Amino acid sequence: MKFTKMQGIGNDYVYVNCFEETVENPSETAQKVSDRHFGIGSDGLILIKPSQIADCEMEMYNADGSKGTMCGNGIRCVAKYVYDYGIVKKTTLTVATGAGIKTLELDIKDGKARNVTVDMGEPVFETEKIPVVSEKKTWVNEPVEIGGKTYGITAVSMGNPHGVVYMEDIKNLNIEEIGPEFEHHACFPDRVNTEFCRVLDQNTVEMRVWERGSGETLACGTGACAVAVASALNGYTKRSVTIRLLGGDLQILWDEKTNHVFMTGPAEVVFDGEIQF
């Protein structure tokens, strides 16, 4: 199987061009290629496929083989791939995802896509749609006891469920212990991506993320969008912010007129290769 490893601020996936390749068992393949000791090493597998409704389709799988709906860093890399490898030579293109069709704008330099802006659509706050098991319609700084401690959680869906938590110290957070407790909490029937955040000022938030099915990753694009929305919703920041992740920065705008969230960040090819199973 031919593949390309790509990363968006450290959120790395193995990409397969399904215009040319066929992946028979993507869930099993995702687990094999994601292994950082016995495989290629990645946060998961993304298939780039033909689409009848968009320029291409993104189908993503987490490192544990579970199927995801949307990946913000991944979709930027998909856009770069189809442009750089000559599949779709457009600077504005559409990608079909499990969370609907997304429109992307590419910044081209020396014939290659460098930065990509993604229209991530509207944030979802209704607990029933996220989903969150709750009698309340929305969760904004909702107190929840997890692991014997109470946390204020703001719940947002950006195509997948997110729980945003604010604290003073995220650098010394034992995320390997607490992350799974959030992910598998009974309030989240589809599990949840959890963002642990520290507000630096009205324009900047730093975060660490525990992604369902992958554990801690260097970056999460949908998570950064959820953090930007939650931070504005809680009155901590303006609607245009820089989100600082372990792998780098993303620029997020929650547009007041359209209610859409726009994410801008880089996408890079690490290497091309071929693997046999």
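So, a few notes on the structure that sits alongside this text. Every chain is numbered independently, its residues counted from 1 as its sequence is written. Confidence filtering applies because this is a predicted model: local features only for residues at pLDDT of at least 70, side-chain atom pairs given and counted only at 80 or more, and all residues used for totals across whole chains, interfaces and linings. The side-chain quantities take in all heavy atoms of the structure and omit both hydrogens and water.

### With respect to the overall build of the protein chain
Helix and strand definitions follow DSSP, with helices as H or I runs of at least four residues and strands as E runs of at least two, each counted in order from the N terminus. Secondary structure assignment for the protein chain yields four helices and 17 strands. Against the compact-globule benchmark of 19 Å for 277 residues, the protein chain has a radius of gyration of 18 Å, which places it among compact chains. In terms of its C-alpha atoms, the protein chain occupies a principal-axis envelope of roughly 50 × 40 × 35 Å. Burial classification: accessible surface area is computed with a 1.4 Å probe over protein chains only, and a residue below 20% of its type maximum counts as buried, one above 50% as exposed, and the rest as partly exposed. Out of the 277 residues belonging to the protein chain, those deemed buried represent 56%. Long-range pairs, those at least 24 residues apart, make up 60% of the contacts in the protein chain between residues at least 6 apart in sequence. All accessibility values rest on the Shrake-Rupley procedure with a 1.4 Å probe; residue burial counts only the protein chains present in the view. With the model as given, the accessible surface of the protein chain reaches about 12,200 Å², and the carbon-plus-sulfur share is 45%. Here Asp and Glu are counted as negative and Lys and Arg as positive; His is not counted, and neither are the chain ends. Every charge is mapped to an atom, namely NZ of Lys, CZ of Arg, CG of Asp or CD of Glu. Placing the 27 positive and 40 negative side-chain charges of the protein chain at their respective mean positions leaves the two points 4 Å apart. The size measure is the radius of gyration over C-alpha atoms, and the globule rule it meets is 2.2 Å times the number of residues to the 0.38 power. The contact rule is simple, with two residues in contact once any of their heavy atoms fall within 4.5 Å.

### Focus on helix α2 (residues 72-84)
Expected span of a helix, by definition, is 1.5 Å for each gap between consecutive residues, and there is one gap fewer than residues. Counted at 1.5 Å a residue, the expected span for α2 with its 13 residues is 18 Å, and the 19 Å between its end C-alpha atoms agrees. Across the 13 residues of α2, 13 count as buried, placing the element largely inside the fold.

### Some remarks on a positive patch on the surface
Patches in this entry comprise residues that are over 30% relatively accessible and not in a salt bridge; like charges within 9 Å are linked, as are nonpolar side chains (Val, Leu, Ile, Met, Phe, Trp, Tyr) within 5 Å. Each salt bridge in this description consists of a side-chain nitrogen of Lys or Arg and a carboxyl oxygen of Asp or Glu lying within 4 Å of one another. Together, Lys89, Lys109, Lys112 and Arg114 make up a region of like positive charge exposed at the surface. Mapped onto the elements of the fold, arginine 114 is located in strand β7 (residues 112-119). Using a relative accessible area of 36% as the deciding quantity, one classes arginine 114 as partly exposed.

### Structural notes on the pattern of salt bridges
Following the criterion strictly, the structure yields 12 salt bridges and no others. Residues arginine 191 and aspartate 64 are paired through a salt bridge, measuring 3.5 Å at the closest nitrogen-oxygen approach. You can see arginine 191 sitting in the loop between α3 (175-183) and β11 (193-201) and its partner aspartate 64 sitting in the loop between β4 (56-62) and α2, a full 127 residues away along the chain. Judged by relative accessible area, which is 22%, arginine 191 ranks as partly exposed. Three or more residues are tied together by salt bridges with common partners; here these are Lys5, Asp12, Arg36 and Asp43.

### Quick look at the environment of isoleucine 40
Within the element layout of this structure, isoleucine 40 appears in the loop between α1 (26-34) and β3 (44-49). Taking relative accessible area as the criterion, isoleucine 40 reaches 18% and is therefore assigned buried. Separated by 220 residues in the primary sequence, isoleucine 40 and histidine 260 place their C-alpha atoms 35 Å from one another.

### Description of the side chain of threonine 29
By secondary structure assignment, the location of threonine 29 is in helix α1. Apart from residues lying up to four places away in sequence, threonine 29 is in contact with Met1, Val23, Leu45 and Phe277.

### Digging into unusual backbone geometry
Cis rather than trans, the peptide bond between isoleucine 130 and proline 131 has omega equal to 0°. The phi dihedral of isoleucine 9 falls on the positive side, at around 45°, and the residue is not glycine. With a relative accessible area of 6%, isoleucine 9 lands in the buried category. In this structure, arginine 191 takes a positive phi of about 65° despite not being glycine.

### Comments concerning α1
Along α1, the positions that sit buried rather than exposed are Pro26, Thr29, Ala30, Val33 and Ser34. An end-on view of α1 places all buried positions within 120° of arc, on one side of the element. Among the structural elements, β2 (11-17), β3 and β4 are those in contact with the buried residues of α1. This arc describes the spread of directions from the helix axis toward the C-beta atoms.

### Focus: the side chain of threonine 97
Take threonine 97: it is sitting in strand β5 (residues 92-97). What qualifies as a polar contact is a pair of N or O atoms within 3.5 Å, subject to a donor-acceptor requirement within protein and to the restriction that residues adjacent in sequence count only when both atoms come from side chains. There is a polar contact of 2.9 Å between the side chain of threonine 97 and the backbone nitrogen of alanine 99. From its side chain, threonine 97 meets the backbone oxygen of glycine 100 in a polar contact 2.7 Å long. Leave out the neighbours within four places in its chain, and threonine 97 touches Met58, Thr69, Met70, Ile75 and Lys102.

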